[in-house]
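These are the residues of each chain, in order.
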Amino acid sequence: SAMIQFQNVSKCYPGNIVAVQDVSLSISQGEFVFLSGPSGAGKSTLLKMIAAIERPDTGTLTVNGQEIGQLKPAGIPYLRRNLGLILQKQNLLPDRTILANVMLPMLVTGTPKDEADSRARAALEKVDLAHRAEAFSPTLSEGEQQRVAVARAIVNRPQIILADEPTANLDRANANKVIDAITFFQSAGVTCVISTHDEQLFGKADRIVFLNQGKIDHIEQPMNGKQA
Ligand code: ADP
Ligand code: ADP
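Only a predicted model underlies this, so the values are computations on that prediction, with no experimental measurement involved.

### Some details on the overall build of the protein chain
Broken down by element type, the protein chain carries six helices and ten strands. Computed over its C-alpha atoms, the radius of gyration of the protein chain comes to 17 Å, within 12% of the 17 Å expected for a compact globule of 228 residues. Each principal axis of the C-alpha distribution contributes one length, and for the protein chain these read about 45 × 40 × 35 Å. The proportion of buried residues among the 228 residues of the protein chain is 50%. Expressed as a percentage of contacts within the protein chain between residues at least 6 apart in sequence, the contacts between residues at least 24 apart total 67%. Total accessible area on the protein chain stands at roughly 10800 Å², and carbon and sulfur atoms take up 49% of it. Taking the average place of the 23 positive charges on the side chains of the protein chain and the average place of its 23 negative ones, the gap between the two points comes to 5 Å.

In structure tokens form, the structure reads like this:
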């Protein structure tokens, strides 16, 4: 069943800048999809609409059964709780430990401290950073910081992970580690939508959606992909 469904979605920014034009795309629960294409193609705008940061001008977008265009303000926190967001810059708090950074989203949603502590440690284990739990983020490499961001994004058990160019500043080995960390949660049933320019990562996806000037140019399924 579709977790995310775009039907003829278009989106303009002020000044009549067409960001997304007549996009129809259905993403299944548990699917791993890359959005690719040149800068300005509309990748970030698609991700922002899934998170209800932007809304479609026309067409319908349904996320986890909720139509984004119809969402009332009260529905937004509910939607976002089901989304793990990973951005290019991680905004980790530099004066708190890695563990405290990963616990934060759970404390915000009212998880008891003991439970938040153990779930944060479990998440850090999954991204292979349990040994750095007590370190401060500025002492971690960029690749490690990005894996902390993965742990922080999944710790509230979202059904969807959205990531905007999460490997943009990373070398090959670290880019692979970040994507593999995300893939681990995908294998547990989380739907993942990730924008990337990095062709060497494409084989890790179920599908790659190529955008150009706001439209879907074509869709590829990697030969060595998990479904092929
Ligand atoms: P990508 O993520 O593929 O680089 P974006 O979705 O960021 O593409 O941008 C799509 C188009 O919308 C581009 O032409 C971009 O300049 C424009 N755009 C993005 N955000 C805004 C904004 N807040 N205001 C005006 N134009 C924007
Ligand atoms: P625990 O159940 O003790 O939290 P797990 O090893 O099952 O430990 O999970 C590790 C981390 O992965 C936890 O922080 C959990 O919140 C996170 N997680 C996120 N989404 C899922 C999922 N769909 N299935 C399992 N764990 C998930």
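### Details of the packing of aromatic side chains
Under the criterion given, the structure shown has four aromatic pairs. Arranged with centres 6.3 Å apart and planes meeting at 45 degrees, the rings of Phe-34 and Phe-202 form a pair that is tilted. With Phe-34 in strand β3 (residues 32–36) and Phe-202 in the loop between β8 (191–195) and β9 (207–212), this residue pair connects regions lying 168 residues apart in the sequence. Note on accessibility: Phe-34 and Phe-202 belong to one class, buried. When the ring of Phe-184 is compared with that of Phe-185, the centres are 5.1 Å apart and the planes differ by 85 degrees; the resulting orientation is edge-to-face. In this structure Phe-185 comes out as buried when scored by relative accessible area, which is 10%.

### Digging into the nonpolar core
Membership of the largest hydrophobic core comes to 42 residues, with the highest contact counts inside it found for Phe-34, Leu-124 and Ile-182. Contributions of two or more residues to this core are made by β3, α3 (98–108), α4 (113–126), α5 (142–154), β7 (160–164), α6 (172–187), β8 and β9. Contact partners of Ile-182, with chain neighbours within four places excluded, come to Phe-32, Ile-86, Val-150, Ile-161, Cys-192 and Ile-194. One finds Met-49, Ile-50, Ala-52 and Leu-83 within the second-largest nonpolar core, a separate group that totals 29 residues.

Conventions used here
- Residues numbered from 1 in each chain as written.
- Chains lettered and ligands numbered in written order.
- Predicted model: local features only at pLDDT ≥ 70, side-chain atom pairs only at ≥ 80, totals over all residues.
- Heavy atoms only, no water.
- Helix = DSSP H or I, 4+ residues; strand = E, 2+ residues; numbered from the N terminus.
- Rg over C-alpha atoms; globule rule 2.2 N^0.38 Å.
- Buried < 20%, exposed > 50% of the residue type's maximum accessible area, 1.4 Å probe, protein only.
- Contact = heavy atoms within 4.5 Å.
- Areas by Shrake-Rupley, 256 points an atom, 1.4 Å probe, with all protein chains shown as cover.
- Lys, Arg positive; Asp, Glu negative; His and termini not counted.
- Charge placed at Lys NZ, Arg CZ, Asp CG, Glu CD.
- Phe/Tyr/Trp six-rings, centres within 6.5 Å; stacked < 30°, edge-to-face > 60°.
- Core = buried A, V, L, I, M, F, W, Y, C linked by side-chain atoms within 4.5 Å.

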